[in-house]
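What follows is the residue order along each chain.
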Amino acid sequence: MKYIIDIAENKSAFAEEFFKNVSFFKNVKAIPPNEITNPAILESIELYEKGKVKPSPMSLAELKQMPC
């Protein structure tokens, strides 16, 4: 199971050391803020890069109407 925890920048060194010393954590690593971690998004990018999925043409007006 994976968890993502948002930690204050000035406490990141302490938090990383703390989590490394807890026996039931397998791995601790910092994730840069611009890294994509959502598996569904990563899979869709991979499918697009392999040519298995084609992008849907969309106008700017349609894009603006999409819910965020």
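Thresholds, definitions, all that
Residues numbered from 1 in each chain as written. Predicted model: local features only at pLDDT ≥ 70, side-chain atom pairs only at ≥ 80, totals over all residues. Heavy atoms only, no water. Helix = DSSP H or I, 4+ residues; strand = E, 2+ residues; numbered from the N terminus. Areas by Shrake-Rupley, 256 points an atom, 1.4 Å probe, with all protein chains shown as cover. Lys, Arg positive; Asp, Glu negative; His and termini not counted. Charge placed at Lys NZ, Arg CZ, Asp CG, Glu CD. pLDDT = per-residue confidence, 0-100. Phe/Tyr/Trp six-rings, centres within 6.5 Å; stacked < 30°, edge-to-face > 60°. Polar contact = N/O pair within 3.5 Å; in protein donor to acceptor, adjacent residues only side chain to side chain.

## Focus on the overall build of the chain
Point 1. Across its full length, the chain holds 3 helices and 0 strands.
Point 2. Its helices and strands in sequence order give the chain the pattern α-α-α, from N to C terminus.
Point 3. Taken along the three principal axes of its C-alpha coordinates, the chain extends 50 × 25 × 15 Å.
Point 4. On the chain, roughly 7000 Å² of surface is accessible, and the fraction owed to carbon and sulfur atoms is 59%.
Point 5. Seen as two clouds, the 9 positive and the 9 negative side-chain charges of the chain have centres 4 Å apart.

## A look at the confidence of the model for the chain
Point 1. Residues at a pLDDT of 70 or more form 100% of the chain, whose mean pLDDT is 88.
Point 2. Highest mean pLDDT in the chain belongs to helix H2 (residues 39-49) (93); lowest belongs to helix H1 (residues 12-21) (88).

## A closer look at the packing of aromatic side chains
Point 1. Inspection of the entire model under this criterion finds 4 aromatic pairs.
Point 2. Between the aromatic rings of Phe14 and Phe18, the centroid separation amounts to 6.3 Å while the plane-to-plane angle is 20°, which identifies the pairing as stacked. With Phe14 and Phe18 both in helix H1, this residue pair falls 4 residues apart, about one helical turn.
Point 3. Geometrically, the ring pair formed by Phe19 and Phe25 is edge-to-face, given 5.1 Å between the ring centres and 85° between the ring planes.
Point 4. Ring-pair connections join several aromatic residues into one group, and the members of that group are Phe14, Phe18, Phe19, Phe24 and Phe25.

## Concerning H2
Point 1. Where H2 begins, the capping side chain belongs to Asn38, and its oxygen is found 2.9 Å from the backbone nitrogen of Ala40.
Point 2. Directly beyond the C-terminal end of H2, a positive phi value near 80° is found at Gly51.

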